[in-house]
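# Fold and contact review
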There are 2 protein chains.
Amino acid sequence: MVEGQLVCSNCSSNVPFHHEDGICSCGGAFLVVYDLERIQRVWSKEEIARRSATMWRYKELLPIQRENDIVSLGEGWTPVLRFPEWEKKLSLGRLWVKREEQNPTGSFKARGFSVAVSLLKSRGIRRAAVPSNGNAASALAAYAARAGMEAFVFVPMDCPGMIVEEALRYGAETCRVDGLIHDAGKLIEDGKQKEGWFNVGTAKEPGRVEGKKTMGLELAEQLGWKVPHVIVYPTGGGSGLIGIWKALCELKELGMIEGDLPRFVSVQETGCTPVVDAMHSGAERLVPYGESTTASPIGVRVPNPPAGDLILSILRETGGTAVAVTREEIRLAQRAMGLQGISASPEGAATWAGLIRLRESGDVQAGERVLLFNTAHALKYLPWPAPASVPVARNYQEFAVNRNKG
Amino acid sequence: MVEGQLVCSNCSSNVPFHHEDGICSCGGAFLVVYDLERIQRVWSKEEIARRSATMWRYKELLPIQRENDIVSLGEGWTPVLRFPEWEKKLSLGRLWVKREEQNPTGSFKARGFSVAVSLLKSRGIRRAAVPSNGNAASALAAYAARAGMEAFVFVPMDCPGMIVEEALRYGAETCRVDGLIHDAGKLIEDGKQKEGWFNVGTAKEPGRVEGKKTMGLELAEQLGWKVPHVIVYPTGGGSGLIGIWKALCELKELGMIEGDLPRFVSVQETGCTPVVDAMHSGAERLVPYGESTTASPIGVRVPNPPAGDLILSILRETGGTAVAVTREEIRLAQRAMGLQGISASPEGAATWAGLIRLRESGDVQAGERVLLFNTAHALKYLPWPAPASVPVARNYQEFAVNRNKG
């Protein structure tokens, strides 16, 4: 593992690795820099192939320096499946789905929190908090439990109840917030000094993007170090997309892959589409969405992704696009994936629904190779009620008052 | 892959490989025989280590001859985690849990159905049926969907509703049976000729045991080809235990592992303990349990496991035992595992609860190396109601009548 540096994705300024903030004063996202020349001297495809089947096989490209600090529950190296029947239906060269639901906690969020919590451990930090629409909550809860840390998770009222249930079972202090995810984020920011919380929310620290990056490293290796033409990814906070793109940039610089990067496509749900709108209007910068009107939250409901400008530049620079799909299209895609044996989350099914739109619009052409991501298990989203014992708060003050009562 | 033969686990008679029955006329279980001398010539630890991270890395020890017949959703090669804190608490040399919930469909049942459905495919069979207390239902449904086959699943009324939900999403024709799992089995036997169903129930065909065998192959390789002192496994129908034992016997004959086999321990739940009772009374043969009195079914509620005598002989020959745990002990173990970051099914938690009993009784001694299995995700067992649209039947006649109405 290497000593990291950070670079701003917008103004390109370099700063020494620090752990407390993910966004530069100019508004760009801080990304970890590696000494790729040094890694190139020790890496080879043959050497990597012999390593253990977890995301930590790429340890030199992850920001943890001591093996002992790694907090692992067996994440990564998830299967990539082909769907020959649908390749024919959609006239594609290849159609793959990477099954992220086979991670610990049943979602891709495990990757980000494995790295983020390992970073906390390396720093001796004992209390972590996260605002989440769902899977991030249970992932932080599980990894904090594994590390013997305290976790505090804050979710909107309409977060899937099963995910609340899961966070409780991992022992996290769990609170429902009467508001959207940014209200949950504000609660944490308001309370963090007093409570000693480290905020591991999106773009608040560099670990989660690095963890999600392993999806990109894996897909390249699993496809024989040959990348697909198109990657379709559900975009909420955007750190999954940013991570995958960063992975492929690093692999390219390392000489592990060649040629053009895939075209990246963001999928969002009608009712909260800041990325789609900016792509279609040609706006330079992303405009916060204002009031979201989606029926019930899924992970892509993020009205104002913190690293929005970087998302736009990835989509544009790779020749990709962004596409909105309806809840009904997501439902139909979930059904189609179920009938192929895949338990797809709404976000995962949104990539399938997005692909159908992209074939209709011609944005994906016949014969192309396309990779989708199923980000989590379908069952976690059944309308299970959150346990009545979970407190509700509008802000940090209410949270603190409730807590002292309890 | 090799041409198989079958041997009876009781009378040792050899018969050519056939697919329609799992039990010999003497009552023993038919097990697949491999040409181990031939495999020994092609296998090496180094060669296996280079293979893909699925259970199909052991293809020569699985009964599928043509790669094209393999029906895979990315099963196997699940993580094995250590629990250092609990090693100290229980004074163990090592405590591992193999995370079977990270398989497709969130349970170890994926392994058995990957092989069983592959065998059906190789024979051109198009309709499969299974009786199940839960996870087998959703696993058959998913693998049949992947293979483009029709699946029919029959579950007791009190089968976890979420698993019924899952089977429906994979497109299986699903029916709740007013009775226990053997009533569901009888329904299939009564209807199979008319409906053209192949019954893939426990001990009805050789594929499921072979698939589950890969848990044993993997644990040996993942622990560096050195087996633990004790394996604790939740025992219902018993084919998981039989499979793991068969795997280690084969590896021993292949020279891949050395020394004594692990002591096998069956865990059952108070209220339905045919294996525990036979072990404690010293009975030669297993006595069917009669009326089970468990609160709600978990996968270990099988009053009369079809290959019960083989289970007893495995426990006795390896110097193992069987242990009963209460629902309350299971609940506490689930809590303990949750606080370690593991989403444990009741059956998986039963192995943890069983281990605590075994340490108290001295059946597991200080310093020993113990491996547990978490067989499925906790969340699948939340008391979610089965969808009202699922028909209910007491027997095949009622099933057929309901169906013609529908």
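Here the structure is a predicted model, which means the values were calculated and not measured.

Right, let's talk about the environment of A:L61 for a bit. All names here are of chain A. Tracing the backbone through its elements, the reader meets L61 in the loop between α2 (45–49) and β4 (80–82). Here L61 falls in the buried class, since its relative accessible area comes to 0%. With 275 residues separating them along the chain, L61 and A336 place their C-alpha atoms 36 Å apart. If we ignore the near neighbours within four places in the chain, the residues touching L61 are Y34, L36, I39, W43, E210, K213, L217, E250 and L254.

Attention shifts here to the side chain of A:K213. Residue and element names in this part refer to chain A. Within the secondary structure, K213 sits in helix α8 (residues 207–222). Take K213: its relative accessible area is 0%, and that puts it in the buried class. Within the local environment of K213, its side chain forms a polar contact with the backbone oxygen of L61, the two atoms lying 2.6 Å apart.

Every contact between the two is made by 39 residues of chain B and, on the other side, 39 residues of chain A. Buried surface at the junction of chain B and chain A, both sides included, amounts to about 3,100 Å², of which 59% is carbon and sulfur. Linking chain B to chain A there are zero salt bridges. When contributions to the side of chain B that touches chain A are tallied by element, the ones reaching two or more residues are β4 (80–82), α5 (135–147), α6 (161–169) and α12 (327–338) of chain B. Take the side of chain B that touches chain A: its biggest share by element is five residues, from α6(B).

Residue and element names in this part refer to chain A. Running from N to C, helix α9 (residues 239–253) and helix α11 (residues 308–317) cross one another at 50 degrees; their axes reach a closest spacing of 10 Å. As summarised for this structure, α9 and α11 are arranged oblique, according to the angle between their axes. When you trace α9 past α11, the crossing you get is left-handed. The segment α9 lies against α11, with L241, I242 and W245 engaging L310, I311, I314 and L315. Its residues assigned to classes, the contact of α9 with α11 shows seven nonpolar, no polar and no charged.

On to the packing of aromatic side chains, then. Residue and element names in this part refer to chain A. Counted according to the given criterion, the structure contains 22 aromatic pairs over all chains. Judged by centre distance (6.3 Å) and plane angle (80 degrees), the ring pair of F108 and Y233 falls under edge-to-face. Note that F108 is positioned in the loop between β5 (94–99) and α4 (109–123) and Y233 in strand β10 (residues 230–234), a separation of 125 residues in sequence. By relative accessible area, F108 is classed as buried at 9%.

Turning our eyes to something else, we now look at helix α4 (residues 109–122) of chain B. Residue and element names in this part refer to chain B. Taking 1.5 Å per residue as the helical rise, α4 with its 14 residues ought to reach 20 Å, and the 20 Å between its terminal C-alpha atoms agrees with that figure. Within α4, the full set of buried residues consists of K109, A110, R111, G112, F113, S114, V115, A116, V117, S118, L119 and L120. Summarising the contacts, the buried residues of α4 are in contact with β5 (94–99), β6 (127–131), α5, β9 (198–199) and α8 (207–222). Two residues or fewer after α4 comes G124, characterised by a positive phi angle close to 75 degrees.

All right, on to the relation of the copies chain B and chain A then. For the pair chain B and chain A, the superposition axis carries a translation of 0.0 Å, the fit reaches an RMSD of 0.0 Å, and the rotation angle comes to 180 degrees. Expressed as a symmetry operation, the mapping of one chain copy onto the other fits a two-fold axis. In terms of proximity to the rotation axis, the leading residue of chain B is B:Q102, whose C-alpha is 2.4 Å off the axis. The share of interface residues of chain B whose copies in chain A are also at the interface is 100%, consistent with both copies meeting through the same surface.

Residue and element names in this part refer to chain B. Relative to the assigned elements, S138 resides in helix α5. By relative accessible area, S138 is classed as buried at 0%. For S138, the side chain forms a polar contact with the side chain of E166, separated by 3.0 Å. Not counting residues up to four positions away in its chain, the partners in contact with S138 are T105, I163, E166, A167, Y170 and K380.

About the thresholds
Residues numbered from 1 in each chain as written. Chains lettered and ligands numbered in written order. Predicted model: local features only at pLDDT ≥ 70, side-chain atom pairs only at ≥ 80, totals over all residues. Heavy atoms only, no water. Helix = DSSP H or I, 4+ residues; strand = E, 2+ residues; numbered from the N terminus. Buried < 20%, exposed > 50% of the residue type's maximum accessible area, 1.4 Å probe, protein only. Contact = heavy atoms within 4.5 Å. Polar contact = N/O pair within 3.5 Å; in protein donor to acceptor, adjacent residues only side chain to side chain. Buried area = accessible area lost by both parts, 1.4 Å probe. Salt bridge = Lys/Arg side-chain N within 4 Å of Asp/Glu carboxyl O. Axes fitted to C-alpha atoms, helices over the stretch in contact; angles between N-to-C directions. Parallel < 35°, antiparallel > 145°, perpendicular 65-115°, else oblique. Left-handed = near helix turned anticlockwise from the far one by under 90°. Nonpolar A, V, L, I, M, F, W, Y, C, P; charged D, E, K, R; others polar. Phe/Tyr/Trp six-rings, centres within 6.5 Å; stacked < 30°, edge-to-face > 60°. Expected span 1.5 Å × (residues − 1). Least-squares fit on C-alpha atoms with pLDDT ≥ 70 in both.

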